[in-house]
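Observations on the model geometry
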Amino acid sequence: MLPSADPLLHLIARAEALLARLEAVLPHPLTAPDWTASIAYRYRKRGGSGVIEPVRHVAGIRLDALVEVEPQKERLVRNTEQFVAGFGANNVLLTGARGTGKSSLIKAVLNEFAPRGLRLIEVDKTDLVDLPDIVDLVAERPERFIVFCDDLSFDEGEPGYKALKSILDGSVSQASDNVLIYATSNRRHLLPEYMKENLSYKHLENGEVHPGEVVEEKISLSERFGLWVSFYPFSQDEYLAIVAQWLRGFAVGEDAIAAARQESLVWALERGSRSGRVAFQFAKDYAGRHHA
């Protein structure tokens, strides 16, 4: 005997509801965002699926606002200029002391070259396993893309390490010509280093020293970045120059800037750092009080 229509319809409705729930949790193919919505994007995981979202309010920092990093600025601007122009350019690893302007310099370069088609996609290190999908998605686009990984470092066995290593160099599937990877890190070799690893070095009779396999593996990732840009702690005079530059950006007069000198040094002393970040934080506080 055939089942009545009502139970059959009820069964179909339940099946459709179940399928809808499954679709919500199953990963979906990465889809393109509206590439006209912004110059910067973030890759995020939503319910197991990757999504590229436009950044609505992009940091407006400009190259001329960054001082006391002229050699680093020149190297990164030159590499990006070559990339945007369609010439040979390298993936870049920016390393060094915290708060010295590594991330700010990348943001300023984006603002400088965005009118010429440069775009940025920020990817967290935990999502680097999806880097091949991102590269494939933008491969046919006319824009030039920087995949930006901020504060990059890995612990032993993290999955994003191998994905990044393959895209940089060493995989059959590499990044397309319109994609570069710019990463910042406080570690030159991106992986933790331990004292016991020094025991793996081989000392030859002629005086040569060769690192062991563990050390070679840790060095190999950073070596895949074609350009290294190093940042160093600022001297007192450099710190004061950065403070003055930020204060001018906040429309503080020269007399007030001169008067802020001692206070800015105390501010840095209290924080134990004369970094560009500390200089910016002081300038923002001082300018707010000065104008108020």
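The numbering scheme is per chain: residues are counted from 1 as the chain's sequence reads. For this predicted model, a pLDDT threshold of at least 70 governs which residues receive local features, and a threshold of 80 or more governs which side-chain atom pairs are given and counted, while totals over whole chains, interfaces and linings are taken from all residues. To obtain the side-chain values, all non-hydrogen atoms of the structure were included, while hydrogens and water were left out.

Considering the sheet that holds strand β1 (residues 40-46)
With mixed pairing, seven strands are arranged side by side in an open sheet as β2-β1-β4-β5-β6-β3-β9. Every interior strand has two partners, whereas the edge strands, β2 (49-54) and β9 (227-231), have only one. Taking each pair of neighbouring strands and ignoring which way they run, the sheet shows an average axis angle of 25 degrees. In this sheet, β2 lies alongside β1 in antiparallel orientation, the contact comprising six bridges. In the sheet register, K45 faces β2, and the bridge partner there is G50. When DSSP finds at least two bridges between two strands, those strands are taken to pair. Only DSSP runs of H or I reaching four residues or more are called helices, and only runs of E reaching two or more are called strands; each is numbered from the N terminus. Axis lines are fitted through C-alpha atoms, for helices just across the contact stretch, and the angle between N-to-C directions can take any value from 0 to 180 degrees.

Some remarks on the pairing of strand β5 (residues 144-149)
Remark: a regular strand shows side chains that alternate across the two faces of the sheet. Most of β5 sits out of view: six of its six residues are buried. Across the two faces of β5 the burial is the same, with R144, I146 and F148 and F145, V147 and C149 all buried. Sheet analysis places strand β4 (residues 118-123) next to β5, joined by five bridges and oriented parallel. Bridge pairing links E122 to F148 in β5. Note on handedness: a crossover is taken as right-handed if, strands pointing away from the viewer, the path from the first strand over the helix to the second is clockwise. Handedness of the β4-helix α4 (residues 131-138)-β5 crossover: right-handed. The sheet contact formed by β5 and strand β6 (residues 179-185) spans five bridges and is parallel. Each residue is assigned to one of three classes by its accessible area relative to the maximum for its type, calculated with a 1.4 Å probe on protein chains only: buried under 20%, partly exposed between the two thresholds, exposed over 50%.

Note that every value here comes from positions in space, so none of it alone points to a role or purpose.
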